[in-house]
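Tertiary structure, described
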Amino acid sequence: MSLSMHQASAPVFIQGLKGLAGVLDKAAAHAAARNIEPAVLLQSRLFPDMFPLTRQVQIAADFAKGCVARLAGQEPPAYEDNEASFDELKARIAKTVAFLESIPAADVDGSEERDITLVRRGQTSVVKGQTYLLMQAMPNFYFHCTTAYAILRHNGVEIGKKDFLGVA
């Protein structure tokens, strides 16, 4: 039995995003229980040259929506990157999940050899759909989800592997 491009992308991103939303819930509860200003956690980073939590969540959502949109032959929706609270980050995640769920599987399936054009820092490159999913979008998505998790864990939020994976 083969795995379709849709099966390998949208549901995987959705589970990761739902796990990330759950981790943010626990972070908000942690801040409230300990009288920590939420901005302290939202602006925390693992190292000075790394992005803070807020940006990690934004980028994770961007890779998920961007990947599935491009595989479906669509232009990814643009978000403003103006979230400043846990609730706003969770709303971004919910909006991303709704977008992913709106894309028909048939639009993504068969995209293994589709040319995906990317523009980064003014440089244009073209990669095939399967290479884009497996070698660029997925690793970047998980890097930013993992970094968000690590920032919160480092700051004492009681989360574990099940939280990260988004399973009950």
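Look a little higher up for the structure.
What comes next concerns the included structure. Values in this document were obtained by computation on a predicted structure and should not be read as measured data. For every chain, the first residue of its written sequence is number 1, and the numbers climb from 1 along that sequence. Restriction of local features to residues with pLDDT of at least 70 applies here, the model being predicted, together with a cutoff of 80 or more for giving and counting side-chain atom pairs; totals for whole chains, interfaces and linings are based on all residues. To obtain the side-chain values, all non-hydrogen atoms of the structure were included, while hydrogens and water were left out.

It is worth spelling out the overall build of the protein at this point. Secondary structure elements follow DSSP: runs of H or I no shorter than four residues count as helices, runs of E no shorter than two count as strands, and numbering proceeds from the N terminus. Helix and strand counts for the protein come out as 8 helices and 2 strands. Its helices and strands taken in sequence order, the protein reads α-α-α-α-α-α-β-β-α-α from the N to the C terminus. For the protein, the C-alpha radius of gyration of 16 Å lies close to 15 Å, the compact-globule estimate for 168 residues. The principal-axis extents of the C-alpha atoms in the protein amount to approximately 50 × 40 × 20 Å. Exposure categories follow from relative accessible area, calculated using a 1.4 Å probe and restricted to protein chains: below 20% of the type maximum is buried, above 50% is exposed, and the middle band is partly exposed. Looking at the protein residue by residue over its 168 residues, the buried ones come to 43%. Within the protein, residue pairs in contact and separated by at least 24 positions form 69% of the contacts whose partners lie at least 6 positions apart. Neither His nor the chain termini are counted; the positive set is Lys and Arg, and the negative set is Asp and Glu. Charge positions are represented by NZ for Lys, CZ for Arg, CG for Asp and CD for Glu. The centroid of the 17 positive side-chain charges in the protein is displaced by 5 Å from the centroid of its 18 negative side-chain charges. Every radius of gyration here is taken over C-alpha atoms, with the globule rule written as 2.2 Å times N^0.38, N being the number of residues. Contact criterion: two residues are considered in contact whenever any of their non-hydrogen atoms come within 4.5 Å of each other.

As a further point, take unusual backbone geometry. The backbone of Asp 81 sits at a positive phi, close to 60°, despite the residue not being glycine. Relative to the helices and strands, Asp 81 resides in the loop between helix 4 (53-71) and helix 5 (86-102). Residues other than glycine seldom take positive phi values, yet Arg 121 does so here, at roughly 50°.

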